[in-house]
Amino acid sequence: MVAYEAVEGTASDLPGPDYNIAPTDPVLTVRTRVGDGVRELSVARWGLVPSWAPDLRRAARHINARAETVQRLPAFRSAFARRRCLVPADGWYEWVRDGAGPGKQAYYLTPRNGGGLVFAGLWEIWGLERLLTVTIVTTAAVGPLVRVHARMPLVLPRGRHRGWLDPAHPDPAELLAPPAEDLDELEIRPVGSAVGNVANDGPDLTRRCDPDPDVDRDPIARLVF
């Protein structure tokens, strides 16, 4: 995870590096605290649970919220209107079906320069224990990322952080605009299949693992545009 320089508070028991985050795992968020407007760094459970939900079973279904429907679906519309947050990360994984066989090739999408990313998120507080949960907003893929998946996280450049965190933004719908840039600086890096098991962790998961050159298995390399 990466730091956000506008953080005015700190969170206790911050999670350490995690190279294979799964639904319900803890993630870092930056949010505007209700009441005093202070931006604080918080640890949230990945998988949004609406405050009105009777239990936590919805969490695994709500790790993502589609930008096209987030303003009208009951699970997300209240959070989108008043409880938006930033989710810092180094990258994310996608899988592409291997046309040469039954398997899939894993890819790690991350900035070429080694920097970090910030995803648009929404947060909620659930239950008497005041559990903080979060979802990541997704949008249609742009630029070269369409070769990997039709969807992508809504990546927010620095200039859009303040507006996303502002619950009084005059035009919330404007905040859902896909990235204007094509994100050409993102590397689409083939990685090993070990990332498919959430029990695996560590930096080795993000290391480049080129498909066997003697077997035409790289689905990205075979695509023509």
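Residues numbered from 1 in each chain as written. Predicted model: local features only at pLDDT ≥ 70, side-chain atom pairs only at ≥ 80, totals over all residues. Heavy atoms only, no water.

Which parts of the structure should I look at to understand the pattern of salt bridges?
When the charged atoms of two side chains with opposite charge come close together, those side chains can pair. Applying the stated rule across the entire model yields 10 salt bridges. Notably, a salt bridge pairs D36 with R33, separated by 2.7 Å at the nearest N-O pair. On the basis of relative accessibility, which here comes to 46%, the residue D36 falls in the partly exposed class. For E68, the salt bridge is made with R151, and the minimal N-O distance between the two is 2.9 Å. Residue E68 is found in the loop between strand 3 (64-66) and helix 1 (77-82), and its partner R151 is found in strand 9 (residues 151-153); the two are separated by 83 residues along the sequence. (Salt bridge = Lys/Arg side-chain N within 4 Å of Asp/Glu carboxyl O. Buried < 20%, exposed > 50% of the residue type's maximum accessible area, 1.4 Å probe, protein only. Helix = DSSP H or I, 4+ residues; strand = E, 2+ residues; numbered from the N terminus.)

Explain the packing of aromatic side chains to me, please; I cannot follow it from the model alone.
Where two aromatic rings form a pair, the distance of their centres and the angle of their planes describe that pair. If you walk through the whole model with that rule in mind, you get three aromatic pairs. With 5.2 Å between their ring centres and 40° between their planes, Y93 and Y108 make a pair best called tilted. Of the two residues, Y93 sits in strand 5 (residues 92-97) while Y108 sits in strand 6 (residues 104-111), which places them 15 residues apart along the sequence. In this structure Y108 comes out as buried when scored by relative accessible area, which is 7%. Here the basic side chain of R84 rests over the ring of W164, its NZ or CZ set 5.7 Å away from the ring centre. (Phe/Tyr/Trp six-rings, centres within 6.5 Å; stacked < 30°, edge-to-face > 60°. Lys NZ or Arg CZ within 6 Å of the ring centre and 35° of its normal.)

Please explain the pairing of strand 5 as it appears in this structure.
Regular strands place their side chains on alternate faces of the sheet. Of the two faces of strand 5, only the one carrying W92, E94 and V96 is buried; Y93, W95 and R97 on the other face are not. Sheet topology places strand 5 next to strand 6; six bridges connect them, and they run antiparallel. The partner of E94 across the bridge, within strand 6, is Y107. (Pairing = 2+ DSSP bridges.)

Before we go on, may I ask you to explain the confidence of the model for the chain in this structure?
If pLDDT is low for a region, its predicted coordinates should not be looked at in detail. Mean pLDDT over the chain stands at 86; residues scoring 70 or higher make up 85%. Across residues 1-11 the pLDDT falls below 50, and counting only partners more than four positions away or on other chains, this stretch makes 30 contacts in the model. (pLDDT = per-residue confidence, 0-100. Contact = heavy atoms within 4.5 Å.)

Help me understand the side chain of R84 in this model?
With respect to the helices and strands, the residue R84 is situated in strand 4 (residues 84-89). Separated by 2.4 Å, the side chain of R84 and the backbone oxygen of D166 make a polar contact. (Polar contact = N/O pair within 3.5 Å; in protein donor to acceptor, adjacent residues only side chain to side chain.)

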